[in-house]
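Residue-level structural notes
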Amino acid sequence: MLAALTALDEGRTPERPVLREAVRTLLAALAERAPGRSVEVRVPPYGAVQCVPGPRHTRGTPPNVVEMDPATWLAVATGRLDWAAAVTEGRVRVSGIRADLSAYLPI
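Being a predicted model, the structure only gives us computed values, none of them experimental.

Things to note about unusual backbone geometry
- The residue after proline 44, namely proline 45, is reached through a cis peptide bond having omega 5°.
- Within the secondary structure, proline 45 is located in the loop between β1 (39-43) and β2 (47-51).
- The step from leucine 105 to proline 106 runs through a cis peptide bond, and the omega angle for that step is -5°.
- With respect to the secondary-structure elements, proline 106 resides in the segment after β4 (92-95).

Description of the packing of helix α2 (residues 16-33) against helix α3 (residues 70-77)
- It is the contact of α2 with α3, at a shortest axis distance of 10 Å, that shows an interaxial angle of 45°. With respect to their mutual orientation, α2 and α3 come out oblique. The way α2 lies across α3 gives a crossing that is left-handed. Of α3, the residues touching α2 (which contributes Leu19, Ala22, Val23, Leu26, Leu27 and Leu30) are Pro70, Trp73, Leu74 and Ala77.
- Here the contact of α2 with α3 is built from residues that sort into 10 nonpolar, no polar and no charged.

Considering the nonpolar core
- The biggest cluster of nonpolar side chains holds 30 residues, and the ones touching the most others in it are Val41, Val66, Trp73, Leu74 and Leu101.
- Those elements giving two or more residues to this core turn out to be α1 (2-9), α2, β1, β2, β3 (65-68), α3 and α4 (83-88).
- Of the residues forming this core, the biggest block, 6 residues, is contributed by α2.
- Other than its neighbours up to four places away in sequence, valine 41 contacts Leu27, Leu30, Gly47, Ala48, Val49, Cys51, Val66 and Leu101.

Some points on the sheet that holds β1
- Strands sit in the order β2-β1-β3-β4 across an open sheet of 4 strands; the sheet is mixed. On the outer flanks of this sheet lie β2 and β4, each paired with one strand and no other. Neighbour-to-neighbour, the strand axes of this sheet turn through a mean angle of 15°, independent of strand direction.
- The pairing of β1 with β2 spans 5 bridges and is classified as antiparallel. Considered in β2, the bridge of valine 41 is made with valine 49.
- Taken strand by strand, α2 contacts β1 and β2, and its axis lies near 5° from that of β2.
- In the packing of α3 onto the sheet, the strands contacted are β1, β3 and β4, and the crossing angle to β3 comes to about 110°.

Cut-offs used in this document
- Along each chain, numbering runs from 1 in the same order as the chain's sequence is written.
- For this predicted model, a pLDDT threshold of at least 70 governs which residues receive local features, and a threshold of 80 or more governs which side-chain atom pairs are given and counted, while totals over whole chains, interfaces and linings are taken from all residues.
- The side-chain values count all of the structure's non-hydrogen atoms but skip hydrogen atoms and water molecules.
- Going along the chain from the N terminus, every DSSP run of H or I of four or more residues is numbered as a helix, and every run of E of two or more is numbered as a strand.
- Convention adopted: a line fitted to C-alpha atoms gives each axis, helices being fitted over their contacting stretch, and angles between N-to-C directions are expressed from 0 to 180 degrees.
- With respect to orientation, any angle under 35 degrees is reported as roughly parallel, any angle over 145 as roughly antiparallel, any angle of 65 to 115 as roughly perpendicular, and every other angle as oblique.
- Note on convention: the crossing is left-handed when the near helix lies turned anticlockwise from the far helix by less than a right angle, right-handed when the turn is clockwise.
- The criterion used for residue contact is that any of the two residues' heavy atoms lie within 4.5 Å.
- We call Asp, Glu, Lys and Arg charged. Ala, Val, Leu, Ile, Met, Phe, Trp, Tyr, Cys and Pro are nonpolar, and the rest, Gly among them, are polar.
- What is meant by a nonpolar core is a set of buried Ala, Val, Leu, Ile, Met, Phe, Trp, Tyr and Cys residues, joined one to another through side-chain atoms within 4.5 Å.
- Burial classes: relative accessible area under 20% of the type maximum marks a residue as buried, over 50% as exposed, and values in between as partly exposed (1.4 Å probe, protein chains only).
- At least two DSSP bridges between two strands are required for those strands to pair.

So this is what it looks like as structure tokens:
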């Protein structure tokens, strides 16, 4: 994960396997920190998790979705970018009343 963060901090694009592993590691950490199935967090093309306590979603498009690109996910998950700023700037797309992850970030 450190290699991906270092590359992003230096303005470089991390190698795909390094970026993929960093994204998946932090998604798993979020799912562990906020267990549940009411929000789906998507970081295409590398992964998605369901998390946050509340009503469980089982079929179709979930009502509570958070989606962002890998670089934004790493920045938000590690505290390099504030959640509210990321949402306001349109770097994070959210839908649903449970889609605020600010209580769980940074990881």
